[in-house]
Amino acid sequence: MCPFMVGVYLLAVIFVMASNAGDIFPALKMILVEAWNFDTMVTGGFWGLVIIGVRRAMFSNEAGLGSAPMYHGQSRNDEPTKEGLVAMLGPFIDTIMVCTFTAVVIILSGAYLEEGSGITMTMSAFEKTLYGIGDTLLMVIVAAFALSTLFTYSYYGSKCVVFLFGAKYRNIYNYLYIAGIFLCSFSSLAGVVSIIDISFALMSSHTMVSAILLAPRINAANASYFKKIELQKQQAARDEIESGKLKNEWGSQIRNYVMHPYKLVKDVRTAHETGNIDAVMDGNINPFLKAYLMLNGQKSD
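These lines cover the structure that appears in this document, whether it is placed above or below. (Residues numbered from 1 in each chain as written. Predicted model: local features only at pLDDT ≥ 70, side-chain atom pairs only at ≥ 80, totals over all residues. Heavy atoms only, no water.)

### A look at the pairing of strand E2 (residues 264-267)
Across a regular strand the side chains alternate sides, sitting on one face of the sheet and then on the other. The alternating pattern of E2 places Val-265 and Asp-267 on a buried face and Leu-264 and Lys-266 on a face that is not buried. Of the strand pairs in this sheet, strand E1 (residues 255-258) and E2 are connected by four bridges, and their pairing is antiparallel. Residue Arg-255 lies in a different strand from E2, and its bridge partner there is Asp-267. Hairpin connection between E1 and E2: a loop of five residues separates the two successive antiparallel strands. Bridge count between E2 and strand E3 (residues 273-274): two bridges; the pairing is antiparallel. For Val-265, the partnering residue across the bridge sits in E3 and is Thr-274. The turn joining E2 and E3, which pair antiparallel and follow one another in sequence, is formed by five residues; a positive phi near 70 degrees is taken by Ala-271. (Buried < 20%, exposed > 50% of the residue type's maximum accessible area, 1.4 Å probe, protein only. Helix = DSSP H or I, 4+ residues; strand = E, 2+ residues; numbered from the N terminus. Pairing = 2+ DSSP bridges.)

### Describing the packing of aromatic side chains
Throughout the structure, instances matching the rule amount to five aromatic pairs. Centre to centre, the rings of Phe-165 and Tyr-169 are 6.3 Å apart; their planes meet at 70 degrees, and the pair counts as edge-to-face. Judged by its relative accessible area of 56%, Phe-165 is exposed. Aromatic rings pair up to connect Tyr-153, Tyr-155 and Tyr-156 into one cluster. Against the face of Phe-288 rests Arg-255, its NZ or CZ located 5.4 Å from the ring centre. Lying over the aromatic face of Tyr-292, Arg-269 brings its terminal NZ or CZ to 4.2 Å of the ring centre. (Phe/Tyr/Trp six-rings, centres within 6.5 Å; stacked < 30°, edge-to-face > 60°. Lys NZ or Arg CZ within 6 Å of the ring centre and 35° of its normal.)

Following this line, the structure appears as structure tokens:
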């Protein structure tokens with residue numbers, strides 16, 4: 001469900017951007033200029049802006065939280081490095097693509113000039129640019145994201161509880177989790193976001209320490225994996241070369257020689273032939289080599 005909704009969301013923002021293609025580069029320019037606006041840094045506080053950016057980025061893609069190994073570890077991939085490369089697509093799609101496209105749409109619609117939170121500006125931008133139905137479409141997409149997030153964090157939590165306390169406490173955790181959802185639904189958005197930020201900070205602190213400690217093993221595993229890939233490519237190249245060779249056995253000759261009653265040398269691969277058998281026996285096989293090379297060149301074309 002979630003990948004489908006991401007696809008729908010990307011199609012929607014790409015449609016808006018295509019409809020306003022001439023304003024895309026000015027919007028990107030505005031993002032870059034305002035990102036390095038020293039007046040904004042002084043007014044808003046540079047480190048405060050950095051902290052807000054890190055909090056929102058972590059909220060977007062969960063990079064560094066330690067949650068990714070819990071679901072990527074369930075894959076049937078037998079190469080951890082390969083699965084890690086797949087996992088790297090998550091932050092790229094979530095932050096680089098989705099968030100950047102969303103920012104461009106907000107700027108194109110002029111919704112960034114309005115007061116409100118990120119989701120209200122995004123809904124206003126979609127409503128203005130998608131003929132009045134964008135806000136409804138966005139609400140459906142956000143609801144799908146919210147449901148998938150609820151299920152995902154239930155899975156994360158139950159996995160941790162089973163690891164720490166045993167499987168018999170899994171249901172207790174799920175009951176508390178559902179109760180927490182009802183309590184948060186009656187709380188303020190700012191309060192819920194603050195709780196999430198604190199939880200993310202606690203999760204990322206020890207995750208980053210473990211990542212630093214495990215970095216040598218990760219680098220060794222990566223080097224081994226890429227070396228294995230290189231060896232496989234070399235072996236494939238050798239196999240391709242060897243596949244064109246014939247076995248040294250009866251019936252696998254490359255040229256036929258007729259001495260009597262007439263003289264003829266014929267290459268069975270290229271059908272090139274000559275009656276000057278004495279020259280071939282003396283080592284003049286250049287015409288045969290030329291015909292073979294020309295044949296291989298035609299096959300490759």
